[in-house]
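Okay, here's what each chain looks like letter by letter:
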Amino acid sequence: MCGIVAYLGSKQAAPILIDGLYKLEYRGYDSAGITVIEGQQLATYKCKGKVGQLDRIVDQDKMEATIGIAHTRWATHGPPNDVNAHPHNSQDGTLSVVHNGIIENYQTWKKILIEEGYVFRSDTDTEVLAHLLEYFKKKYELSTQEALRQMLKKVVGAYAIVIIDQENPDVLLAARKSSPLVFGIGKDEYFIASDATPIGQYTDQFIFLEDDQIIRIDRNDGYRIFSLDNETVSGEIQEIDVQIEEIEKGGYPHFMLKEIHQQPQTIADSMRGRFDLEAQRLSVGGLLDHIDKISQMKRIILVACGTSWHTALVAEYLFEDIARISCEVEYASEFRYRNPIINENDLVIAISQSGETADTLAALSLAKERGAMTYGIVNVVGSSISRVTDTGSYTHAGPEIGVASTKAFTSQLTVLSLMAIQLGRHLGKVNDTEYQAYMLSLDSLASKAATILTQDDKIKYIASEIKSANNALYLGRGYNFPVALEGALKLKEISYIHAEGYPAAEMKHGPIALIDLYMPVVVIATNESIQDKLISNIEEVKARKGLIIAVINEGDEKIKAIADYYIEIPPIKEALSPILSSIPLQLLAYHIAVMRGCDVDQPRNLAKSVTVE
Ligand code: AGP
């Protein structure tokens, strides 16, 4: 997804902007650019490719400018090339714009502007904004700020937009609608960015702009936030400490590998303050505050996308199996358009690492419109979903930079497992013996995750054996069926091997036709309660020369005897097994992708946070 960073202060802007773009790379992009006001003139540098290429064409040391905007582009309109890269400047060369989002009526305005004599060089909707701003200024004789306000009333779509005006070199203007934008308040300096990551090293004071808000930042007069109706609003300053080491690789070759290895710690962090074995206490704050109301809900609807949707599938098994509450899982992108039946007896839980996924936000707003109670399970503090839901719980996994979600997934599962057990206990569905068993299992999670990571070399070897496959199947049953989907997603999104996840019993209904000696089949077979069924599925695959890679409980001699390769994990209560059984699959996908020379942290075409539809 596009990334924005802007600076206004007393330091050289260019180094801050370029460094900020490097820190935004994880969002996924295909081109980059900056504009500064150098000697009272706009100076714009932009190119297709990586920030490193931009860095080489910008002579930062010679740039005295103390105001600038910068952008990494994830192409929505028009191919990745130098011309389509942001920033885009107005025809008269006085205004420069960076934008994240989609302007849905940009073609209508583009036609009008062309008739007014404006000449377009790019295919982007953002260039329309740059010329439209100039058009409003000149046609209605408005200031840039007032022209922006009037323009935003006329455009339809999502935007996080930042503007600099060479005629006002002391002012930054920005606005947001649906695409996130955060304002950082430093000492005699100000920052704007898509998230806190690129500016966390300069300040811990942030204001998250809300939809339909504009901010004017003046070097001499401070800042003012106001609505599209020009009413001043007071933004709430949030103190967020973005630790630099959290957004560096810490000696790992990739963020994804670092984040996989952080999981013993992040699983523990997601339980901190919510679980204490000695005190026999298990309580998730966001749930506890509303447990009477939530426990009377007739149904839980889980809405999410991607990996978070796989978490939702596991949560459905957890809430129905443990808390005995009816549960439904919805792709947020489908839920928002299918006119679903929702009412005040529903609890809609949105699961999202970024807290900014457009489809999940839209599903939430539909749920709120129709009277449901809403709950957010998000990782990014202060993100949009955390601010629009009635209540929620942070997963506390720390910044997840790798596009492929790993530690956020296991932290989401941990929090939802705690919630299901807490609700089940509150509703009298979990007796003392079961409660004790869950408590002991939960207490062992982090250490068992660490044990799995010690098998990295073995998993790397298995990866070397199957790295050249063109297709792969992932099979699982019960709690591990969603893990099969997640394992397949990990492989396909970073190694570009086509992979599909299936309930193991579904093999006979079609996928078995695909099995041959070139098809690796990964079977998550840690469910002791149905081990015989899983053994039958493995035999069916082997009868057709398929290659079996099995994730098994330590000491499972039966499956060891029939699998071509196996990865052992410490046994744990079945309901908690996805938290552990997913870790070997993360490592398997990682190593295969590295061996195939793929860009593991920024896979092609993917973005870390999909803030557009
Ligand atoms: C998962 O590895 C992908 N990066 C992607 O499917 C992701 O899970 C999805 O876009 C949802 O993101 P969110 O959790 O931030 O809402």
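Above this text is the structure in question.
Just so we're clear, the structure is a prediction, and the values are computed from it rather than from any experiment.

Colleague: Account for the overall build of the protein chain, naming residues and giving values.
Modeller: Each helix and strand counted, the protein chain has 20 helices and 27 strands in total. Over its C-alpha atoms the protein chain spans a radius of gyration of 26 Å, differing by no more than 12% from the 25 Å that the globule rule assigns to 613 residues. Dimensions of the protein chain along its principal axes, counting C-alpha atoms only, are 80 × 55 × 45 Å. Residue burial in the protein chain is summarised as follows: out of 613 residues, 62% are buried. Once local pairs closer than 6 in sequence are excluded, the contacts in the protein chain between residues at least 24 apart make up 71%. Surface summary for the protein chain: the accessible area is close to 22,700 Å², and the carbon and sulfur share equals 47%. Positive and negative charge centroids in the protein chain, built from 59 and 82 side chains respectively, lie 3 Å apart.

Colleague: So what's going on with the sheet that holds strand S23 (residues 471-476)? Which residues, and what values?
Modeller: Reading across from one edge, S24-S23-S25-S26-S27 is the order of the five strands in this open sheet, with parallel pairing throughout. Of all strands in the sheet, those with a lone pairing partner are strand S24 (498-503) and strand S27 (565-569), marking the two edges. Within the sheet, the average angular offset between the axes of one strand and its neighbour, ignoring direction, is 15 degrees. With six bridges connecting them, strand S25 (residues 520-525) and strand S26 (residues 547-553) associate as parallel partners. Across the sheet, residue valine 523 finds its bridge partner in S26, namely alanine 550. Sitting on the sheet, helix H17 (residues 481-495) touches S23, S24 and S25, and the angle it makes with S24 is about 180 degrees. Set on the sheet, helix H18 (residues 531-542) makes contact with S23, S25 and S26; between it and S25 the angle comes to about 170 degrees.

Colleague: Hey, could you go over the site of the ligand for me, with residue numbers and the actual values?
Modeller: Contacts to the ligand come from 15 residues, most closely from Ser308, Ser352, Thr357, Val403 and Glu493. In this structure, serine 354 approaches the ligand through a side-chain N or O atom, which is 2.7 Å from an oxygen atom. In isolation the ligand offers 410 Å² of accessible surface; the protein chains occlude 91% of this area. Looking at the shell around the ligand, the elements with two or more residues in it are helix H10 (306-323) and H17. Taken together, the residues that form the shell around the ligand break down as five nonpolar, eight polar and two charged.

Colleague: Give me the lowdown on unusual backbone geometry, citing residues and values where you can.
Modeller: Residue proline 87 is bonded to the preceding histidine 86 through a cis peptide linkage, with omega at 5 degrees. Inspection of the secondary structure puts proline 87 in the loop between strand S4 (67-73) and strand S5 (88-89). One non-glycine residue with positive phi stands out, namely glutamine 40, at about 60 degrees. Here glutamine 40 is to be found in the loop between strand S2 (31-38) and strand S3 (41-48). On the basis of relative accessible area, glutamine 40 is assigned to the exposed category, the value being 62%. Although it is not a glycine, aspartate 188 sits at a positive phi angle of roughly 55 degrees.

Colleague: Account for the sheet that holds strand S7 (residues 157-165), with residues named and values stated.
Modeller: Strand order across the open sheet formed by seven strands is S5-S6-S7-S8-S12-S13-S14, with antiparallel pairing between neighbours. Each edge of the sheet is formed by a strand with only one pairing partner; in this case those strands are S5 and strand S14 (232-233). Inspection of the sheet shows S5 paired to strand S6 (residues 95-103) by two bridges, in the antiparallel sense. When the bridges of S6 are listed, histidine 88 appears paired with valine 97. Against the sheet, helix H4 (residues 125-139) touches S5, S6 and S7, its axis set at about 125 degrees to S6.

Colleague: So what's going on with the environment of tyrosine 394? Which residues, and what values?
Modeller: By the secondary structure assignment, tyrosine 394 is in strand S22 (residues 391-394). With 56 residues separating them in the primary sequence, tyrosine 394 and arginine 338 have C-alpha atoms 29 Å apart. Other than its neighbours up to four places away in sequence, tyrosine 394 contacts Arg274, Val378, Asn379, Val380, Val381, Gly382, Ser386 and Val415. At a separation of 3.3 Å, a polar atom in the side chain of tyrosine 394 contacts the side chain of serine 386.

Colleague: Describe in detail the pairing of strand S19 (residues 326-331), supporting the description with residues and values.
Modeller: As paired elements, strand S18 (residues 299-304) and S19 share six bridges and run parallel to each other. Within the sheet, the bridge partner assigned to isoleucine 300 lies in S19 and is cysteine 327.

Colleague: Lay out the packing of helix H14 (residues 407-426) against helix H20 (residues 577-595) with the relevant residues and their values.
Modeller: Packed helices, taken two at a time, are described by their axes: the angle between them and the distance between them. The N-to-C vectors of H14 and H20 enclose an angle of 175 degrees; their axes lie 9 Å apart at closest approach. One finds that H14 runs roughly antiparallel with respect to H20. When H14 is examined against H20, the residues Phe409, Thr410, Leu413, Thr414 and Ser417 are found in contact with a partner set consisting of Pro578, Ile579, Ser582, Ile583 and Gln586. Each residue belonging to the contact of H14 with H20 can be placed in one class, and the counts come to five nonpolar, five polar and no charged.

Criteria and thresholds
Residue positions are given per chain, counted from 1 along the sequence in the order it is written. Since the coordinates come from a predicted model, pLDDT governs what is reported: local features require at least 70, and pairs of side-chain atoms require 80 or more to be given and counted, while whole-chain, interface and lining totals use all residues. Excluding hydrogens and water, the side-chain values take into account all heavy atoms of the structure. Numbering of helices and strands runs from the N terminus; a helix is a DSSP stretch of H or I covering at least four residues, while a strand is a stretch of E covering at least two. Note that the radius of gyration is over C-alpha atoms, with the globule rule given as 2.2 Å times the number of residues to the power 0.38. Working definition: with a 1.4 Å probe on protein chains only, accessible area under 20% of the residue-type maximum means buried, over 50% means exposed, and in between means partly exposed. Contacts were defined at the residue level, with two residues in contact if any of their heavy atoms lie within 4.5 Å. Reported accessibility uses the Shrake-Rupley method at a 1.4 Å probe radius. Residues are deemed covered only where the shown protein chains occlude them. Under the convention used here, Asp and Glu are negative, Lys and Arg are positive, and both His and the chain ends fall outside the count. Charge placement uses NZ in Lys and CZ in Arg. For Asp and Glu, CG and CD serve respectively. Criterion used throughout: strands pair if DSSP finds at least two bridges between them. Between N-to-C directions, angles cover 0 to 180 degrees, with each direction set by a line fitted to C-alpha atoms, over the stretch in contact for helices. Here, proximity means that at least one heavy atom of the residue falls within 4 Å of the molecule or strand. Counted as a polar contact is a pair of N or O atoms within 3.5 Å, where, for protein atoms, one must be capable of donating a hydrogen and the other of accepting one, and residues adjacent in sequence contribute only when both atoms are in side chains. Classification convention: Asp, Glu, Lys, Arg as charged; Ala, Val, Leu, Ile, Met, Phe, Trp, Tyr, Cys, Pro as nonpolar; all other residues, Gly among them, as polar. If an angle is under 35 degrees, it is roughly parallel; if it is over 145, roughly antiparallel; if it lies from 65 to 115, roughly perpendicular; otherwise it is oblique.

The analysis is restricted to geometry; functional conclusions fall outside its scope.
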